[in-house]
Amino acid sequence: MKRWMVPVMIFFLLSCAEVYHGKYVDYRTGHKVIDEFKVGNLVVLALESGKKKPKTGEWIYRFVIFRSRYPVREMWLEANIVGGRRRYYLYDRTEEGKVVSRAQFPSKPAEYEFVKQRVIQILEPKED
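This one's a predicted model, so the numbers in the text were calculated from it and none came from an experiment. (Residues numbered from 1 in each chain as written. Predicted model: local features only at pLDDT ≥ 70, side-chain atom pairs only at ≥ 80, totals over all residues. Heavy atoms only, no water.)

Trainee: Any details on the side chain of Asn80? Residues and values, ideally.
Mentor: Relative to the helices and strands, Asn80 is located in strand β6 (residues 70–82). Each residue touching Asn80, except ones within four places of it in the same chain, is listed here: Thr56, Gly57, Arg85, Arg86, Arg87, Tyr89 and Tyr91. (Helix = DSSP H or I, 4+ residues; strand = E, 2+ residues; numbered from the N terminus. Contact = heavy atoms within 4.5 Å.)

Trainee: Explain the pairing of strand β3 (residues 32–39) to me, and be specific about the residues and the numbers.
Mentor: Taken together, the seven bridges between β3 and strand β4 (residues 42–48) define a ladder with antiparallel strand orientation. By the bridge assignment for β4, Phe37 is matched with Val44. Taken together, β3 and the strand that follows it, β4, pair antiparallel across an intervening segment of two residues, in which Gly40 is found at a positive phi of about 65°. (Pairing = 2+ DSSP bridges.)

Trainee: Could you give an account of the packing of aromatic side chains, with specific residues and numbers?
Mentor: Given two aromatic rings, their pairing is described by the distance between the two centres and the angle made by the two planes. Under the definition given, this model contains six aromatic pairs. Consider the rings of Tyr61 and Tyr112, whose centres lie 5.4 Å apart with planes at 65°: the pair is edge-to-face. On the criterion of sequence distance, the pair formed by Tyr61 in strand β5 (residues 59–67) and Tyr112 in helix α2 (residues 112–123) is long-range, its members being 51 residues apart. Residue class for Tyr112 comes out buried when judged on its relative accessible area of 14%. The structure contains a cluster of three or more aromatic residues connected by ring pairs, namely Tyr61, Phe63 and Tyr112. (Phe/Tyr/Trp six-rings, centres within 6.5 Å; stacked < 30°, edge-to-face > 60°. Buried < 20%, exposed > 50% of the residue type's maximum accessible area, 1.4 Å probe, protein only.)

Take a look at the structure:
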């Protein structure tokens, strides 16, 4: 690939994505936005991949977390095969850049609301 093609490809990909204008944030994405909600001083934008049967390593739901209208953190529900069985993990890329597994589901959650409640539990401010 020629060096000049990289910026052209990046521009092309960014121009294909639509801008979501929500109640709290604006975000450029090529995926379906299914929810926008607040947890404390954070705003969470939920995206859905739209795949019926995700392969190993593909995300099902992605949560982009904003503080002061800027994305600072990301969480996603991903399908993985462990010991021959399919499991679903909720991963968290913290503000420090570390990827941590926050929850495990033995089967694909039947409802988005179940995953949303788990994300809210993780993000809620802890009382001292």
